[in-house]
Amino acid sequence: KSDPNINAKLNAMTDIHLQGTGVGEMKKGGSLETVFICMAVCLILSMVTGVNFVNMSVAAASKRSKEIGIKKALGVKRVQLVAQFMLESLLLVALSIFISLGICEQLLPWFNNFVVRDISFTSLWPVVAIISSVVLVLGMILGSYPAVVIAKQSTTFLLSGAFESGRQATKV
């Protein structure tokens, strides 16, 4: 005998992947909780990377304290020093984006074989543009702290070399 009560249910296309029931579907849906956990891990790693970038920028700038002291003694304004450090930070971040995009493009065929998909780099350009913009803005923001810290130091303090070592170096 066949059952005369047949129930049909429609799912929205946006709900199929993460909220699929698995009944009558080819595979069970993903987990929204897993997506949020991955996003949280990504955010934490990004914050750690940002703090590391700032720390390394201050350390690298402290090694150039005498150069900065001489520039200040010759009359370079604080705004010009901040602009120089911001430009250096921006160039460093832009170069790293350029190199990482090149590496991603070279590894994409291997990744396509690994996930058994055909992802092309041209279809990812909107995502790449958004990520690159965010990284450049973050590079400017994170590069501003070391620039301001170095530029506000007095000329005598920078020329004395106290910024590189000693108790004053740990206060930065």
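Before reading on, note that the structure itself is shown above.
As the structure is a prediction and not an experimental result, all values here were calculated from the model.

Caption draft 1: Spotlight on the overall build of the chain. For the chain, the count of helices and strands is seven helices and zero strands. Reading the chain from its N terminus to its C terminus gives the helix and strand order α-α-α-α-α-α-α. Taken over 172 residues, the chain has a buried fraction of 20%. Across the chain, contacts joining residues at least 24 apart in sequence account for 64% of those joining residues at least 6 apart. Of the accessible surface of the chain, which amounts to about 13,100 Å², a share of 68% is contributed by carbon and sulfur atoms.

Caption draft 2: Structural context of the nonpolar core. Counting nine residues, the largest nonpolar core is built from Ala61, Ile68, Leu81, Phe85, Met86, Ala147, Ile150, Ala151 and Leu158. Listing elements by their share of this core, those giving two or more residues are helix H4 (78-115) and helix H5 (125-151). With sequence-adjacent residues up to four places away left out, Ala147 is seen in contact with Val82, Phe85 and Met86.

Caption draft 3: Main features of the pattern of salt bridges. Applying the stated criterion across every chain, the model contains three salt bridges. Salt-bridge contacts for Arg64 lead to Glu67; the nearest nitrogen and oxygen are separated by 3.1 Å. Three or more residues are tied together by salt bridges with common partners; here these are Arg64, Glu67, Lys71 and Glu88.

Parameters at a glance
All residue numbers here refer to positions counted from 1 along the written sequence of the relevant chain. Totals for whole chains, interfaces and linings use every residue, but because this is a predicted model, local features are given only for residues with pLDDT of at least 70 and side-chain atom pairs only at 80 or more, for both listing and counting. Heavy atoms throughout the structure, all of them, feed into the side-chain values; hydrogens and water do not. Strands here mean DSSP runs of E at least two residues long; helices mean DSSP runs of H or I at least four residues long; both are numbered from the N terminus. Burial status follows relative accessibility: with a 1.4 Å probe on protein chains alone, a residue under 20% of its type maximum counts as buried, one over 50% as exposed, and anything between as partly exposed. Residue contacts are defined here by distance: any two heavy atoms, one from each residue, within 4.5 Å place the two residues in contact. Throughout, the Shrake-Rupley method with a 1.4 Å probe supplies accessible areas, and for residues the shown protein chains are the sole cover considered. Residues belong to a common nonpolar core when they are buried Ala, Val, Leu, Ile, Met, Phe, Trp, Tyr or Cys residues joined through side-chain atoms within 4.5 Å. Think of a salt bridge as a Lys or Arg side-chain nitrogen and an Asp or Glu carboxyl oxygen that are within 4 Å of each other.

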